[in-house]
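# Observations on chain architecture
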Amino acid sequence: MNPSEEKTRSGFVAVVGRPNVGKSTLVNALVGAKISIVSPKPQTTRHRICGIRTDGGTQFIFVDVPGLHGKLGRQSRALNRHMNRVADSALQDVDVILWLVEAGQWQEDDELMLKRIKQSRLPVGLAINKTDRVKDKQALLPFIHEMQGRNDFAFIVPISAQRADNLDALLQELSAYMPVSPYMYPAEQISDRGMRFQAAEIIREKLMLRLQQELPYALTVEIEKLEEDPESGHIDISAVIWVARDSHKGMVIGKKGEGLKVAGTAARQEMQRAFGQGVHLQLWVKVREGWADDERALRSLGYEDT
């Protein structure tokens, strides 16, 4: 008997937490494929992305969202307000919240997240991430006890998303909150995002990994063309890298175009692995003054609040 003939379960898990706590790394590990880009820099995730895992008659739909930003100064930019709205919307229409914190760490943005999840009145499970960085595992016990006192959690599971440690235990806890339901997506599907979105995000990831300081937050990527060449079977992709200031353009391109070439090559190679086809990639860098502070510009560049 296959799962379609049995009582299947399918539900949504909002994966939330402060910036750079490892949400996208965890979702990728749970899905078993890279569906969210990852970098050491905060604000890497800007959009709501669903990662889908179908296993043993249960379909988990993990909603990866931007980290919440608490300080008013950071919220003053339209892009930061957008990311907070996306994070807030993830707390609606889900079955359970999975809150990620870093082992042994408690910050202002963690406090902000706690206040918001308490308002949701949804079951909340706590995953304590980056346990691989704690040499003395006994040192985790006081932190776990501290977290137990902050909220009535449905469960608490220590994990390492980077090393995929203890994820089976986490899935077992989450499965109890997956309602009996037909699958929301085909069993083989692993993301709700299409190829154009993936291509733009891969390019942005390679730029974020290469560029330093604040510049990664002042750029975005727009796919102008994505189509398959019927003769070669390759995918032709043309993309614009939008920057907020004219001075940023040269920084992205680099000396004699070397910076753009390196990022473009890395992006093309990853796309070929992800799409299973050859890719021909063309990149341009253009200036759109103040795009990150302009709500209308954000909408035109594909930034949606849900």
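The structure displayed is predicted, hence computed values, not measured ones. (Residues numbered from 1 in each chain as written. Predicted model: local features only at pLDDT ≥ 70, side-chain atom pairs only at ≥ 80, totals over all residues. Heavy atoms only, no water.)

Judged by how many residues are buried, strand β3 (residues 58-64) sits mostly within the fold: seven of seven residues are covered. Alternating positions in β3 separate into two faces, Thr-58, Phe-60, Phe-62 and Asp-64 on one and Gln-59, Ile-61 and Val-63 on the other, with burial throughout. Pairing between strand β1 (residues 9-16) and β3: seven bridges, direction parallel. What sits directly across from Gly-11, in β3, is Phe-60. The sheet contact formed by strand β2 (residues 49-55) and β3 spans seven bridges and is antiparallel. Paired with Ile-49 across the strands is Asp-64, a residue of β3. Where β2 folds back on β3, the antiparallel hairpin that results is connected by two residues, among which Gly-56 adopts a positive phi of roughly 60°. (Buried < 20%, exposed > 50% of the residue type's maximum accessible area, 1.4 Å probe, protein only. Helix = DSSP H or I, 4+ residues; strand = E, 2+ residues; numbered from the N terminus. Pairing = 2+ DSSP bridges.)

It is worth spelling out helix α1 (residues 23-31) at this point. In terms of burial, α1 is a largely internal element, eight of the nine residues being buried. Among the residues of α1, those classed as buried are Lys-23, Ser-24, Thr-25, Leu-26, Val-27, Asn-28, Leu-30 and Val-31. Looking at the buried side of α1, the elements it contacts are β1, β2, β3, β4 (96-102) and α6 (167-175). (Contact = heavy atoms within 4.5 Å.)

Right, let's get into the sheet that holds strand β8 (residues 235-243). The three strands are arranged β7-β8-β9 in an open sheet whose pairing can be described as mixed. The two strands at the open ends of the sheet, each matched to only one other strand, are β7 (219-228) and β9 (279-287). Ignoring strand direction, the axes of neighbouring strands in this sheet form an average angle of 20°. Of the strand pairs in this sheet, β7 and β8 are connected by nine bridges, and their pairing is antiparallel. The partner of Val-221 across the bridge, within β8, is Ile-241. Contacting β7, β8 and β9, helix α7 (residues 195-210) crosses the sheet at an angle of about 135° to β7. The sheet contacts of helix α8 (residues 246-253) involve β7, β8 and β9, and relative to β9 the element is tilted by about 150°. (Axes fitted to C-alpha atoms, helices over the stretch in contact; angles between N-to-C directions.)

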